[in-house]
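Working through the structure, step by step
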Amino acid sequence: MSGSVHLKQQQHQHQEQQQHHYESSYYLSTKSSVSKQAFSTFKTSHRSKSSVKTEKGQKEVKLSPLPKRAKRTYLAMDTDKEVIGYVIPVFRANHEEVQGLMEAQEKEVTEEGINYVAMRNLFVREAREAVEVKVEKKTRKMYIRESAERVALSKTIDEWAEFRKKMNPDSLTHPPELIVKPRGQTVWEGNTVKLHCTVAGWPKPRIAWYKNNVLIDAKTHPEKYAAESNYNMHSLEIKNCDFIDTAQYRVSALNVKGEASSVAAIVVKRFQEGEEAGPLDPKPHGFCSEHGVTFETTILDKFEVAFGCEGETLSFGCTVIIYPSVKKYQPEVLWYRDSVPLKPSKWVHTHWSGDRATLTLIHLNKEDEGMYTLRVNTKSGFETYSAYVFVRDAEAEVEGVPVAPLDVRCHDANKDYVVVTWKQPAVEGSSPILGYYIDRCEVGTYHWAQCNDTPVKYARFPVTGLVEGRSYIFRVRALNKEGISRPSRISEAVAAMDPSDRARLRAGPSAPWTGMIKFTEEDPTVGVVPGEPTDVVVTEATKSYVVLAWKPPVQRGHEGVMYYIEKRIAGTDTWQRVNTGMPVKSPRFALFDLAEDKSYSFRVRCCNSAGVGEASVATEEITVGDKLDLPAAPGNPVATRNTDTSVVVSWGASKDVKHLAGYYIECSVVGTEVWMPCNNKPVKKTRFVCHGLCTGENYVFRVKAVNAAGYSQSSPKSDAVIVQAAICLESTPGEPSGVILLEAVKDYMVLGWREPANNGGADVRGYFVDYRTVKEGVAGKWHEMNHQAVTATSYKAENLKENVFYQFQVRAMNMAGVSKASLPSASLECKEWTITVPGVPVGLHVLEVRDTSVVILWEPPAFDGRSPVNGYYLDVKEASAGEEGWKAIHEKAIKGKYMKVTGLKAGSSYVFRARAQNLAGVGKPSALLGPIVAQTRPGTHEIVVDVDDDGVISMIFECSEMAAGSEFVWSKNYKPITDTSRLTIVNKGGKSRAIFNDPSLEDLGTFSCVVTNTDGISSSYTLTEEGLKRLLDISHEHKFPVIPFKSEMAMELLEKGRVRFWTQLEKFTSNCQVEYVFNDAIITHGKKYSMNFDKSTGIIEMFMDSLEVTDEGTFTFNLVDGKAKGTTSLVLIGEEFRELQKKSEFERAEWVRKQGPHFVEYLSFSVTPECDVLLKCKIGNIKPETEISWYKDNIEIAEEDEDAKKIERQDGVLTFNIGKISKKDAGMYEVELRDERGKDKSIFNLTGEGYQAVMDELFRVIANSATEISVTSTEHGIILYSSVTYYTDELRVGWLLKEAKIATSERVKSGVTGEQLWLKINEPTEKDKGKYIMDIFDGKAGVKRVFELAGQAWQEAFEEFQRLKAAAIAERTENSLNLTGNVWGEPTPEVSWLKNDKELLSDDRYKLKFEQGKFASITIAIVTKTDSGKYALVVKNKYGTEAGEFTVSVYNPEDEESKEAKKD
């Protein structure tokens, strides 16, 4: 038994793990395959593997699975399994929508699952303890007792497992499931049908309804659809069913786990008799037999007329819906420009996403302008849509130059010749075009070469001199007096080759080689002189060039032929060869440099290697000159209104014009005489729609024709036309609706209704009411109630009979006529009401629709009840919400009959209703208004408050969508303005201005403006008391303007002690006048004062030669500029005036001083890089006779004195070179200048502080000249040193080691030798390693030089010290020699000494030592010449061996001296 329990537990855990693994892996795969949109596939596979357990968990019922390889069928079958059509595949969600939905619902699942974590962990711990089952032998009594416990334990485990499944997020979530599916229904036209379904799933699925696989947006069409969702029950209501509502309706439930959907068919029947079409009857238009369906193409989101600029990128497109959608079927999407198919290129990119066609134009040029057409071809037909694209010229780099030519093309290409054509631009610039330059560039290079030296005016030019076999591109530039335009777009590449070769290349490869080679004898024509060309004709003749063409000769051999061209002036017999240097290869040739108005004949000769053939027959004489005349001026243009931004212009074609390139249309605002192009690419038709005009402006138009010869004269101007939408009514208005009873008395009834949803293109002007009596359910004939239209949406029907039932219908009227009648009202009994509450408000309408707000207006009810109406309530709800969605906008009743509703959601649809209130209570709600979409229309303008230069306050409202008969209607607090004394209305074009005649508190309120005959264009402005005060302040500033100052009055001293008072104006006119005032007295130009007003800069100046005691006071500039005034003043009194007077006197004295010899710069000092001290001054106004004297301590320095040699004079600068300064140079130095004009002197005190300042500067120069610290080694130790330019004993130098000052000792000393600063370290040790700093005083702080005596620097210096020390010791020893070497290694090496490659052993003569494992030495007791030789120190350990070799030479000094004596 225990074993079975254990097995069951294992099976249960295994199944649970499988289930958990399956769901987890599916969840991950679903996320990764959103783009494949395969949610429905999982739903099927998941059900095929799942099972349902009973509550007791004892019996399992298997669901019938689908075969693994079964595929869904897309054929519709009837009950007899007969194929009747094609079924649309199950909807696949859009990738972006599904991804967004998954991310949102994953977040919801995560947040809601957090609450279960603690409980799940608790059960996991208990379960682990519970499932530990051990098998052991027990007695039957004990076995029976424990079996009962295990049954209870098994039940606990099952309960825990079920709970764990629920708590596990992967088990908690599951795909949507349609518990109750929508059912198909059949209804009659005009009825309402409702589809219901119940959906389960977690996270909560999102529901979407589709009609024939097209998403239904109930919020956008609330009059047709209403979608509701309450808990898990969902419904779609289709109102007022029509025959077109017959379709397949599908509900789709979608969450992160998958998607479920169900389809229900709605069939709407008509009250119509007739036989249904049979299978052999003619099919409807567009029926496709291949798929058994009729494809309907709908183009939505159409692109409008577009405007671009040269160099920009423009993209536009349309949404295309193909119904029904067939799997793997795509329509053919084509784009056309001016009826010419477009092919993808580097300039044109097309894209088809499956539901949207997009065209992108890269780097726009004027060639891209034209009528663009999208054509969608299906097997059932095609649909098209067209709109014009305008391309403006890019801004010219130089003002006045022409714009670039366009449409550069290549024609008649041969081996070395091609004809380039183009079209003239629409704008010639500030002067007429003088001609064009043609440039060429070889494909694959970036070098452009100009083809013509002289500009050509003819828009066609033959380019010669091409290299055969190479490809070229061309561009054209226009020239006028102002300069050269930008280049045109480059042409298509053209290859210089024979036309027959080009034709063979276009024809494609020839037949494959058969493997047979035929040998023939050499053609006998080889080496034959070619025959004469034939059919020599002049194809083009202008005053710039003549083009000849001919046919090659029949006899020319296998080798190619070339041609010589000859010309002859008419009346002579002399033929002159034109191309003497090089024969041409092509049967085309252009001749330049011909004399205009002269006649010529031409002939051609062929040549090859065999010689030159006979000449061809000469052409007829032709006179050089333009054969193509300028086109005649087009006929009178006629401009007619089209839309509020476009005008249709038509004109008469130019007469007798040849090779017409097209027409350019220009427009000008009346009164400006500034002509602007309407098209930048010539059009050949005589009718053109000019777009992009300003609404309300008055335009005139003119047209000019263009061909290769140039432009025609402009046509006469058209009559002026105001840019407004043409009167274009769609039809009569739609039918009014909702005819209801508002009030009833004994002999009259008050009716109300809703205005039609469609006004037919013009405002509704009124309504007609019809009535009929109803007796016992039988209606009588209709009769007219009113013969004159009523403008309100309510009417008082009088002269009725009491207790009689009536029905009413209403018709609307506009400019086009009267609409159809509304649906009849219910049968209404004419009897007096006894209701105490008021009736319903009427005439609800909306104004000022914005993204977050609207304004709702209404009229009072026709029936007040027992007491007058004392307030209103306004309710709102979203259009998609049910009746429970209504909420009041305000808590307390309002007395006004309008309200601005704020806080709306942009893009949402809302429905409004109003209720009236009196003392008895609140009446019933009015008829619904809406749905209204909270969305600001593009191009909407708001009322702008303006204050003009005269201080006039006005409100301005602009409308860019004025229609025929549109008017501006202003109101205050949404009531017509009756008091015209407060406002003056001025309308001009699409702008209306409401001017306040006398702004005051009476004008406070909300002003609104409505434009009639538009789709509710309106705006409002609320004038508050605070806003009125602000506007009045601005008005006062404008009425009494103040001249603005860029800077207030200021004062400055000039030379001679003159005083300048000045100010600068920011804004003024040429009429500005200045009045100069001192202490309220006007002063004028004279001896004491001089004035100046520079109107080019706005600077006002007044000058005074000096300041006297009487000049203390206030100086003022008073300005008058029209009605603007300005004042600026400067007060000079008290201490400020006296200080200024002293400065003026000083400047005056300085000026007097400078009239004679004087010091421009007084005596000062400087220190040169060589540390010489110079005293120098700069003098001015010196004559040759000026005396210059130097003094030291009041004693003149004579010419014969030693110090006189230190004095120099050069370029007005006097210099006294003290040199290397010392204390003996201290003293008072003085320079004096003197001549007949005056004298001046300068003194420099080189004592005390002056001397210290010079020394500080000297220290600075010395300190900064110090070089970086260097290191050297001696036999005594290590020396650190640095060099300076100069050293003096007064210079302080300090040495630091590791930031600590070094104390002088016998071992470590510092000092100076010449210009070298040094630090000596005798017998250095490891403690002497570190960072050394030399600190040199520079007069302020100090200049530091740093040296790191460590690492390799220390090692090299220390080794050198050891070497020099050893050498010194060896040199000083008389009878013995000691050699020492430093040894290191790990482990400590073995040491041995060799002499002449023989090992030495320690004895009385040789003493060998190895101390501290580092120092190895050998001492030779008595040194003789025999000890000379090659010695080596050998060290060895387990890692290797190394030897240090050196040579010892022993000599006797006495022997050396005797040798020297013998030489002498």
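In the block above lies the structure referred to throughout.
This is a predicted model, so every value here is computed, not measured. (Residues numbered from 1 in each chain as written. Predicted model: local features only at pLDDT ≥ 70, side-chain atom pairs only at ≥ 80, totals over all residues. Heavy atoms only, no water.)

**Side note on the packing of aromatic side chains**
- Per the stated rule, a full pass over the model turns up 36 aromatic pairs.
- Considering the side-chain rings of Phe316 and Tyr372, the 5.6 Å spacing of their centres and the 80° angle between planes classify their relative orientation as edge-to-face. Here Tyr372 lies in strand S23 (residues 370–378) and Phe316 lies in strand S18 (residues 314–323), a separation of 56 residues in the sequence. The burial state of Phe316 is the same as that of Tyr372; both residues are buried.
- For the pair Phe957 and Phe968, a centre-to-centre distance of 6.3 Å together with 85° between the ring planes defines the contact as edge-to-face. Of this pair, Phe957 sits in strand S67 (residues 953–958) while Phe968 sits in strand S68 (residues 968–972); the two residues are 11 residues apart in sequence, bridging distant segments of the chain. (Phe/Tyr/Trp six-rings, centres within 6.5 Å; stacked < 30°, edge-to-face > 60°. Helix = DSSP H or I, 4+ residues; strand = E, 2+ residues; numbered from the N terminus. Buried < 20%, exposed > 50% of the residue type's maximum accessible area, 1.4 Å probe, protein only.)

**Some remarks on the sheet that holds strand S70 (residues 983–988)**
- Read across the open sheet, the 4 strands follow the order S66-S67-S71-S70; overall the sheet is antiparallel. Lying at the two open borders of the sheet, with one neighbouring strand each, are strand S66 (944–947) and S70. On average, each strand axis in the sheet is inclined to that of its neighbour by 25°, with strand direction left out of account.
- Bridge count for S70 against strand S71 (residues 991–996) is 6 bridges, and the pairing is antiparallel. Across the sheet, residue Asn987 finds its bridge partner in S71, namely Ser992.
- Along the sheet face, helix H8 (residues 1025–1039) touches S66 and S67 and points at about 35° away from the line of S66. (Pairing = 2+ DSSP bridges. Axes fitted to C-alpha atoms, helices over the stretch in contact; angles between N-to-C directions. Contact = heavy atoms within 4.5 Å.)

**Things to note about the pairing of strand S72 (residues 1005–1011)**
- The buried count for S72 comes to 6 of 7 residues, which makes it a mostly enclosed element.
- The sheet contact formed by S68 and S72 spans 5 bridges and is antiparallel. Across the sheet, the residue bridging to Trp970 is Cys1009, located in S72.
- Relative to strand S73 (residues 1018–1023), S72 runs antiparallel, the two being bridged by 6 bridges. Within S73, the position partnered with Phe1007 by the bridge is Tyr1021.
- The turn joining S72 and S73, which pair antiparallel and follow one another in sequence, is formed by 6 residues; a positive phi near 55° is taken by Asn1013.

**Examining the nonpolar core**
- The biggest cluster of nonpolar side chains holds 51 residues, and the ones touching the most others in it are Leu1163, Ile1218, Ile1221, Leu1246, Leu1258 and Tyr1332.
- With 8 residues, helix H10 (residues 1249–1265) is the single largest residue contributor to this core.
- With residues up to four places along the chain from it excluded, the contact list for Ile1221 reads Val1173, Leu1246, Tyr1251, Val1254, Met1255, Leu1258 and Tyr1286.
- Residues Val408, Val456, Ala590 and Leu628 belong to the second largest nonpolar core, which totals 34 residues. (Core = buried A, V, L, I, M, F, W, Y, C linked by side-chain atoms within 4.5 Å.)

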